[in-house]
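# Descriptive structure summary
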Amino acid sequence: PPRSTLFPYTTLFRSYGNVVEKKAILSEMRIRLYESVEMEKNAVMALTDEQSRYFADQSRQASAMVDQNLHKLRALVDAVPLQDEEKLMAEFDRCWTEFGKLDQDILTVAVQNTNLKAAALSREQGGQAVQRFEKALATIQPLFAGTPEAARATALTDRALIAGLKIFTLHSHHIAEAIDEKMDQLEAQMTAEQRLAEQSLSELAELAGSTGGPRRDAVLQAQTAFAAFMQKTAEVIALSRQNSNIKSLELSLGRKRNLTAQCDETLAAFQKVVQSRTFKATR
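We now turn to the structure provided with this report. (Residues numbered from 1 in each chain as written. Predicted model: local features only at pLDDT ≥ 70, side-chain atom pairs only at ≥ 80, totals over all residues. Heavy atoms only, no water.)

Using the criterion set out here, one finds one disulfide in the structure. In this model, Cys95 is linked to Cys263 through a disulfide, with the two sulfur atoms separated by 2.1 Å. An S-S torsion of about -110 degrees defines the bridge between Cys95 and Cys263 as left-handed. Within this pair, whereas Cys95 is found in helix α3 (residues 83-110), its partner Cys263 is found in helix α9 (residues 255-282), the two being separated by 168 residues in sequence. A relative accessible area of 0% places Cys263 in the buried class. (Disulfide = S-S within 2.5 Å. Helix = DSSP H or I, 4+ residues; strand = E, 2+ residues; numbered from the N terminus. Buried < 20%, exposed > 50% of the residue type's maximum accessible area, 1.4 Å probe, protein only.)

Written as structure tokens, this is what we have:
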């Protein structure tokens, strides 16, 4: 048949091919969008640095595939400019740009795992340090048994131990806290208990005397053990203050969820527009 007769059919096939490609790309973009979100959540909830990094990489790869498909989609829209599709492209571009920035913030913070590291440090090294302090205090009381200072020594060792245990208990509260002002309050409580413990140990040192001997050595060991425990407490607080797990979780469950819904709604609207053209192109 003459070329003039084939031209309308050629144009129709090209238009139909454009629509079919858009449908496939949009479907893939929605799949990869949610894959990126799922992997990002896994990175946030992971219990080890290795797992966090693995899932963060998976999330970034899925996002990169959305970027690749977005480039292809933009080329198809530019090839056959249509006002409604150009508007949806602009909407998705804005949403996806904000999505990417927030995603980078979340994944950067998530892989730090500072709250998990603080919890592990408190549970393991912090727990061992407070046990050494308890054992050191336990050696003091027998050395004062049967003396006029026995009751006083018992009261002071008990007071020092209770203060240390209170500080250890406050570790977990600090690690779980997301608000700076409340962390300040918890640290103030720890400081008050630290002073009480140190005062009790100082009074025990006075009871033990300054001439040396088993009593003096036992008190010095307790003071050394408490100082080591407070060093671990400082390390726990420093990690806990960064709040990387809590911050990334809040972002993931808050702004990220809203952005995901917004981006997906735009893609769904785009699919609906393209689907309507599928029927027109096949009539």
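This is not the end of the story, as more comes after the structure.
On to the pattern of salt bridges. Enumeration over the complete set of coordinates arrives at 19 salt bridges. When the shortest N-O distance is used, the salt bridge between Arg255 and Glu98 registers 3.8 Å. Of this pair, Arg255 sits in helix α9 while Glu98 sits in helix α3, placing them 157 residues apart in sequence. Relative accessible area serves as the criterion here: at 38%, Glu98 is assigned to the partly exposed category. Among the salt bridges present, the one from Arg152 reaches Glu203, with a minimum N-O distance of 2.2 Å. (Salt bridge = Lys/Arg side-chain N within 4 Å of Asp/Glu carboxyl O.)

The computed volume of the largest pocket comes to approximately 160 Å³. Lining the largest pocket, in full, are Val44, Met45, Ala46, Asn115, Leu116, Ala119, Ile175, Asn245, Ile246 and Leu249. Contributions of two or more residues to the lining of the largest pocket are made by α1 (3-45), α4 (114-138) and α8 (244-253). Residue classes in the lining of the largest pocket are distributed as eight nonpolar, two polar and no charged. (1 Å grid on protein atoms, 1.4 Å probe; cavity = no way out; pocket = protein on both sides within 12 Å on 5 of 7 lines; lining within 4 Å. Points joined across faces, edges and corners; volume = space filled by probe spheres on them. Nonpolar A, V, L, I, M, F, W, Y, C, P; charged D, E, K, R; others polar.)

Another point: a nonpolar patch on the surface. A cluster of nonpolar residues, Met45, Leu249 and Leu253, forms a patch on the protein surface that exposes about 270 Å² of accessible area. Tracing the backbone through its elements, the reader meets Met45 in helix α1. (Patch = residues over 30% accessible without salt bridge, like charges linked within 9 Å, V, L, I, M, F, W, Y side chains within 5 Å. Areas by Shrake-Rupley, 256 points an atom, 1.4 Å probe, with all protein chains shown as cover.)

It is worth spelling out the environment of Asp264 at this point. With respect to the helices and strands, the residue Asp264 is situated in helix α9. Judged by relative accessible area, Asp264 falls into the buried class, the value being 10%. The sequence separation of Asp264 and Trp96 amounts to 168 residues, and the corresponding C-alpha distance is 9.8 Å. Contacts of Asp264, omitting those with residues within four sequence positions, involve Arg30, Leu33 and Tyr34. (Contact = heavy atoms within 4.5 Å.)

Following both chains from N to C, one finds helix α2 (residues 49-79) and α3 inclined at 165 degrees, their axes separated by 11 Å at the closest point. Here α3 runs roughly antiparallel to α2, going by the angle between their axes. Handedness of the crossing formed by α2 with α3: left-handed. The segment α2 lies against α3, with Ser52, Ala56, Ser59, Arg60, Ser63, Val66, Asp67, Leu70, Leu73, Arg74 and Val77 engaging Glu85, Glu86, Met89, Phe92, Asp93, Trp96, Phe99, Asp103, Gln104, Leu107, Thr108 and Ala110. Residue composition of the contact of α2 with α3, grouped by class: 11 nonpolar, five polar and seven charged. (Axes fitted to C-alpha atoms, helices over the stretch in contact; angles between N-to-C directions. Parallel < 35°, antiparallel > 145°, perpendicular 65-115°, else oblique. Left-handed = near helix turned anticlockwise from the far one by under 90°.)

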